[in-house]
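Chain residues, written in single-letter form:
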Amino acid sequence: MRASLAHRCRTPAASRSQWVALGLLASASVLAPAAHAANVDLVTNIEPVASNVPAQTFVPYQLNVSFSNINGTATNAKGSIVLPANVTSVALTAASGNVPGCPAASAFSPVPAGTTAGGETMSATLPLMLNRQQCNYVLSVTPTKADSAYLMRSSMAAGSGDTETTPSTNTSENPFAVTQSNITLAVDKKITGGATQDPNDATHWIGNAYNAPIEFTVTYTNKSVTPVSLGAIASKWSDWEGSWSPQIVPSGSDGGLTSCASSVDGAGSAICQALGFSGASSQAGTNVNTFLNTNTTGFGNEVMQAGESVTIKYWRSFKAPLCGSPALANTATWAVTADGVNLQWDGSGSDSSTVSFSFPIALSTQGRDCTAVNLNVKADKKLLSVQDKTGLAKASNLIEQDGDVAIYELTVDLSQDSAPPGSNRDGINFNVYDTVLLAKGHMPMAAPANALQLQMEWISCQDSNGNCIPANNPIQPYRSYFTPSVSQNIHVKWGTKAVMQIALRFKIDSNLQCMQQNDALQNQAAFSVVSVSTDGYTFGPSYIQSPSNANLQATQINVLPNAPYCVNLTTNKRVTPMEVPDLATPVVFDLQFANNTSPDGPKTVRQAIAKDALGPDFKATAASCRVSTGNATVPTGSLLGSIAGANNELQLPITNMERGAIVNCTITGNLLRSGSFKNVATVALQGSPAKALLNDGATEVAVKDLMPEDDVATVNYMTADAVMPPPDPAAPKPAPVPANALWSLAGLGIAIAALARRRQRIC
């Protein structure tokens, strides 16, 4: 239906108003400014809360983290914190004074639950950051290793609608040095029932009777002043039983758990829940685990509070032997295998506690002692050769190439022995325990850890029963850190001998950088008679070592003797204030350079160079350095003359820097202009190759920095007057007119006029 003509044709005044409104709307659409990205200047900084205070393993360490905007209004900026490897107990809290627009600390996620592997990132969105707004937080982390690279990093990224004007200040990196903390632990074991204490030996008991329970009580205690994460220090608890004479042992045994309780959490302790318990119904006195073993899994995140004790009670019962008196040893151990632990043992003074017990001879089945027989057995171990991976014998005992292998031969010879009168046995059972000994106490360790691996493997084993190679061969898989050993029972008949050959194989990767520690390896075997008396006889000698301790040099091999040793230099710095009120206010840089080499590495770095690039917009007014911890040599007095170059760089030579030494420097000066700035400090080894002294103070070796990533520290800072305040919103500046605006208006006017004429014809 068409509208009436009167409705379609308005009065002249109404028509004019309509066309004016249409013209204004068109003009507004042409002259309105297009949406565009805001220019922002995001600045982040991460630095230690306390200046010049080194972190300690297993003790929380705090850092200040800030996220700022000093230009425009930033929308949906992203703030991130990147964590290094080997930190645990990560926590972030908001600093006091944050404005309401700052996200809560809980907004940064995900927070790692356990020990970090490196690269974990906690991020949050900062929805609206006005000009001059700053959000501050305190980050707490607990380092677990003394020779790990703890490079802390914070970063910012502009939102999708914003443009960053100074990207160089969007990232801050600051490593920190870590020293070993003091941890004091104790393990104690007692017999608390079923036996009488020997009045002449507090660690020895006399069993009251066979087939009756003997109660053992084991107590593990954290005597440190701080909590200890059992998983972080790689704790393993175990309990095992052996015999002073493996020939006189009970004919059987049994056992079980009585209780486990913590002094803090009682019987429901998470530590008790993490342990594995089992009865011990096997033959006693043969190095068996009795009730407990965490050797396979170890602990996880279980934490032992300062002063906390965990007490475990279990029982054992024994069956009478044929003859003699069994002398059994029962040992509880607390193994700690993590690096970076400065460990002290309280009580027994070691990581184990042993009690011994025996039964009266009269309680044996025959009611008498066993008859001793002395054998003419010959037991021997020797190094046959060192070969390359093709099997070609080498002229030296050096392990230098991937696939090199050391071949050892072990012999047990009973050719001069025969059965004693009335004996019902055809020969003797021996236990052969073979191990790699460390000439100076340290297993060779490479960096990275998997670059050097080794394994033990049976080549051949022939005893009187034929092939005696065990099913689990190779004895151990390739591993980067372990003490290779093998325990194998063999049977040797009267008048015969057994011969075994074992290979120690090495895998050396091409990415090997340096050796953290590197001692010569020696090899020794122990041979012991383990035949339980079934005929009233015992045989000796019960224990033979070959080669003897005095002749261990004959089995020595040297692993990568020419590889550089690892050292670890670190840099750390702070700036005060981060936001400089004006150009007249002094800026202070606190720098820390440390030799954080592990205790097993070289003792003294011969030469290093520390640098701090102050930048062309900074004028130093004072500069000095000192050795605050340990021993090193640095220039003294004013170091203003050491600041030179277009980038105003301080260069500080450091000589004879011993392990654990810390050099602190303070630089004071003023900025020459407003803005945001980045300051970078570094430390590096000097020399081609760089040199260091070993712990003997005399042997000089080539060295390489284990973790160059923690040699660089950066801080960002800014001035309060870096930008002009934003314009008053009550008096906005005229919007820019597009270049084609007039042509657009002209065209629009022509269109309007045409419409007007058409309307006049209609009306």
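Residues numbered from 1 in each chain as written. Predicted model: local features only at pLDDT ≥ 70, side-chain atom pairs only at ≥ 80, totals over all residues. Heavy atoms only, no water.

Peer 1: So, the overall build of the chain: which residues are in play, and what are the values?
Peer 2: For the chain, the count of helices and strands is four helices and 53 strands. Counting all 763 residues of the chain, 47% fall into the buried class. Looking at the chain as shown, the accessible area adds up to about 33,700 Å², and 53% of this sits on carbon and sulfur atoms. (Helix = DSSP H or I, 4+ residues; strand = E, 2+ residues; numbered from the N terminus. Buried < 20%, exposed > 50% of the residue type's maximum accessible area, 1.4 Å probe, protein only. Areas by Shrake-Rupley, 256 points an atom, 1.4 Å probe, with all protein chains shown as cover.)

Peer 1: Describe the sheet that holds strand 16 (residues 214-222), and please don't skip the residues or the numbers.
Peer 2: Strand order in the open sheet formed by five strands is 19-22-16-13-24, and the pairing between neighbours is mixed. Looking at strand neighbours, the two that pair on one side only are strand 19 (252-262) and strand 24 (341-345), the edges of this open sheet. Neighbour to neighbour, the strand axes of the sheet diverge by 20 degrees on average, direction disregarded. The pairing of strand 13 (residues 181-193) with strand 24 spans five bridges and is classified as parallel. Across the sheet, residue Leu 185 finds its bridge partner in strand 24, namely Trp 345. (Pairing = 2+ DSSP bridges. Axes fitted to C-alpha atoms, helices over the stretch in contact; angles between N-to-C directions.)

Peer 1: Got a sec to walk through the state of the cysteines? Specific residues and values, please.
Peer 2: One pass over the structure, following the stated rule, counts six disulfides. A sulfur-sulfur separation of 2.0 Å characterises the disulfide bridge that pairs Cys 625 with Cys 665. On the sign convention where negative is left-handed, the bridge of Cys 625 and Cys 665, at about 110 degrees about the S-S bond, is right-handed. Taken together, the residues span a long stretch of sequence, with Cys 625 in strand 46 (residues 618-629) and Cys 665 in strand 49 (residues 662-671) at a distance of 40 residues. Judged on exposure class, the residue Cys 625 and its partner Cys 665 are both buried. (Disulfide = S-S within 2.5 Å.)

Peer 1: Tell me about the packing of aromatic side chains, residues and numbers included.
Peer 2: Tallied over the entire structure, the rule returns 21 aromatic pairs. Aromatic side chains Phe 108 and Tyr 137 sit 5.1 Å apart centroid to centroid with 70 degrees between the ring planes, which places their arrangement in the edge-to-face category. Residue Phe 108 is located in the loop between strand 6 (87-94) and strand 7 (121-129), and its partner Tyr 137 is located in strand 8 (residues 133-143); the two are separated by 29 residues in the primary sequence. Across this residue pair, the class does not change: Phe 108 and Tyr 137 are buried. (Phe/Tyr/Trp six-rings, centres within 6.5 Å; stacked < 30°, edge-to-face > 60°.)

Peer 1: Before we move on, can you summarise the pattern of salt bridges with the specific residues and values?
Peer 2: One pass over the structure, following the stated rule, counts 15 salt bridges. The residue Asp 434 makes a salt bridge to Lys 381 at a minimum N-O spacing of 2.1 Å. With Asp 434 in strand 30 (residues 427-438) and Lys 381 in strand 27 (residues 378-387), this pair connects stretches of sequence that are 53 residues apart. Neither residue differs from the other here; Asp 434 and Lys 381 are each classed as buried. (Salt bridge = Lys/Arg side-chain N within 4 Å of Asp/Glu carboxyl O.)

Peer 1: Can you explain the environment of Gln 517? Please cite residues and give values.
Peer 2: Mapping Gln 517 onto the fold places it in strand 36 (residues 514-517). Assessed through its relative accessible area of 5%, Gln 517 is described here as buried. For the pair Gln 517 and Pro 564, spaced 47 residues apart in sequence, the C-alpha separation works out to 9.9 Å.

Peer 1: I'd like a rundown of the sheet that holds strand 8, residues and numbers included.
Peer 2: Sheet architecture is open: four strands sit in the order 2-4-8-6, paired in antiparallel fashion. In this open sheet, the two edge strands, each paired with only one partner strand, are strand 2 (42-48) and strand 6. Averaged over all neighbouring strand pairs, the angle between strand axes comes to 20 degrees, with direction disregarded.

Peer 1: Describe the environment of Thr 633, naming the residues involved and giving the relevant values.
Peer 2: For Thr 633, the position within the fold is in the loop between strand 46 and strand 47 (643-644). Take Thr 633: its relative accessible area is 43%, and that puts it in the partly exposed class. Residues Thr 633 and Gln 607 lie 26 residues apart in sequence; the distance between their C-alpha atoms is 9.7 Å.

Peer 1: Outline the confidence of the model for the chain, supporting the account with residue identities and numerical values.
Peer 2: Per-residue confidence for the chain gives a mean pLDDT of 84; residues scoring 70 or more make up 85%. Note on residues 1-36: pLDDT is under 50 here. Beyond four places in sequence and across chains, it has 28 contacts. Scored below 50 in pLDDT, residues 723-763 shows 31 contacts in the model against residues more than four places distant or in partner chains. (pLDDT = per-residue confidence, 0-100. Contact = heavy atoms within 4.5 Å.)

Peer 1: Please give an account of unusual backbone geometry that cites residues and values.
Peer 2: Here the residue pair Gly 540 and Pro 541 is connected by a cis peptide bond, since its omega of 5 degrees sits within 30 degrees of zero. Among the structural elements, Pro 541 can be located in the loop between strand 38 (537-540) and strand 39 (543-546). Omega for the bond connecting Thr 576 with Pro 577 falls within 30 degrees of zero, at -10 degrees, which places this linkage in the cis form. Along the chain, Pro 577 falls in the loop between strand 42 (569-576) and strand 43 (579-580). With phi around 70 degrees, Asn 86 is a residue other than glycine that occupies positive phi space.

Peer 1: Tell me about the nonpolar core, and please be specific about residues and values.
Peer 2: By size, the foremost hydrophobic cluster in this structure holds 48 residues, and its most contacted members are Val 412, Phe 430, Leu 452, Ile 490, Leu 504, Phe 506 and Ile 557. Counting only elements with at least two residues in this core, the list comes to strand 27, strand 29 (405-413), strand 30, strand 32 (452-463), strand 34 (485-493), strand 35 (497-508), strand 37 (521-529) and strand 38. Those residues in contact with Val 412, other than ones at most four positions away along the chain, are Val 377, Lys 378, Phe 430, Val 432, Ile 490, Val 492, Thr 496, Lys 497, Ala 498, Met 500 and Phe 527. With 45 residues, the next largest nonpolar core counts Ala 610, Val 663, Leu 671 and Val 715 among its residues. (Core = buried A, V, L, I, M, F, W, Y, C linked by side-chain atoms within 4.5 Å.)

Peer 1: Would you mind going over the environment of Ala 261 in detail, with residue names and values included?
Peer 2: By the secondary structure assignment, Ala 261 is in strand 19. Residue Ala 261 is classed as partly exposed on the basis of its relative accessible area of 31%. Distance from Ala 261 to Ile 271, taken between C-alpha atoms, is 8.8 Å for residues ten residues apart in sequence.

Peer 1: Residue-level account of the side chain of Ser 531, with values.
Peer 2: Residue position: Ser 531 is located in the loop between strand 37 and strand 38. Looking at Ser 531, its side chain comes within polar contact range of the main-chain nitrogen of Asn 429, at 2.6 Å. With residues near it in sequence (within four places) discarded, Ser 531 still touches Gln 247, Arg 425, Ile 428 and Asn 429. (Polar contact = N/O pair within 3.5 Å; in protein donor to acceptor, adjacent residues only side chain to side chain.)

Peer 1: Explain the side chain of Ser 243 to me, using residue names and the numbers behind them.
Peer 2: Topologically, Ser 243 is positioned in strand 18 (residues 235-243). A distance of 3.5 Å separates a polar side-chain atom of Ser 243 from the backbone oxygen of Ala 327.

Peer 1: Could you give an account of the pairing of strand 22 (residues 309-319), naming the residues involved and the relevant values?
Peer 2: Strand direction decides the pairing type here: strand 16 and strand 22, joined by eight bridges, are antiparallel. Bridging from a neighbouring strand, Thr 219 pairs with Thr 311 of strand 22.

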